[in-house]
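Coordinate inspection notes
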Amino acid sequence: TNQQVWSIGEFLGSDLGDIVAQAITPPVAQKDPVLELAFARAVGQKGTVKAIKHLLEQQDVLTKIATKILESTAKLCANRVATGQAMHDKFAMEGAFEFFFGWKPDYFGGLE
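Given the structure is predicted, the values throughout are model-derived calculations rather than measurements. (Residues numbered from 1 in each chain as written. Predicted model: local features only at pLDDT ≥ 70, side-chain atom pairs only at ≥ 80, totals over all residues. Heavy atoms only, no water.)

Regarding the overall build of the chain
Our working rule: Helix and strand assignments follow DSSP, with helices taken as H or I runs no shorter than four residues and strands as E runs no shorter than two, numbered in order from the N terminus. Buried, partly exposed and exposed residues are distinguished by accessible area as a fraction of the type maximum, computed with a 1.4 Å probe on protein chains only: under 20%, between the cut-offs, and over 50%, respectively. Whether two residues are in contact is decided by their heavy atoms, any of which lying within 4.5 Å being enough. In these tables, accessible area is a Shrake-Rupley quantity obtained with a 1.4 Å probe, and a residue counts as shielded only by the protein chains included in the view.
Looking only at helices and strands, the chain has 8 helices and 0 strands in total. A total of 112 residues make up the chain; the buried ones form 11% of that total. At a minimum sequence separation of 6, the contacts of the chain that also span at least 24 residues come to 64%. Element-wise, carbon and sulfur atoms account for 62% of the exposed surface of the chain, whose accessible area totals about 9700 Å².

Structure representation (structure tokens):
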């Protein structure tokens, strides 16, 4: 079977990356993909760990990430299932049913 394996990295997804990207990218570059790419290249060429840490600290990224993790895991606790596969299995076991759409005469009879 092709069973989906749960991981916290997949669960949190791109939300954490979005928080970091928004914190380090200058507002003018966030509106223009060309400027955003130029900024990222400049960071790669001339940036320092100290400068990046400063941007992250200035934007209080650690608090934002911690808040997002807490919100996401609280939602996880509220859900009865954690993965798409678990959702499929839940409905397959609890509410197995089939749709019936009629026979050919019903189809060719049209809407009445």
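Picking up where we left off.
Section: unusual backbone geometry
For Asp60, which is not glycine, the phi torsion reads 55 degrees and is therefore positive. Position of Asp60 relative to the elements: it lies in the loop between α5 (49-58) and α6 (61-78). Looking at Asp60, the relative accessible area reads 40%, which means it is partly exposed.

A word on the nonpolar core
Let me state the cut-off plainly: For this analysis, a nonpolar core means a set of buried residues of the types Ala, Val, Leu, Ile, Met, Phe, Trp, Tyr and Cys, connected via side-chain atoms within 4.5 Å.
Counting residues in hydrophobic clusters, the biggest one holds 6 residues: Leu12, Leu16, Ile19, Ala23, Val61 and Ile65. When residues of this core are traced back to their parent elements, those giving at least two are α2 (15-24) and α6. The dominant element in this core, judged by the number of residues it contributes, is α2, at 3 residues. Ala23 has contacts with Leu55, Gln59 and Val61, leaving out every residue within four places of it along the chain.

Interpretation in functional terms is not warranted from these geometric data alone.
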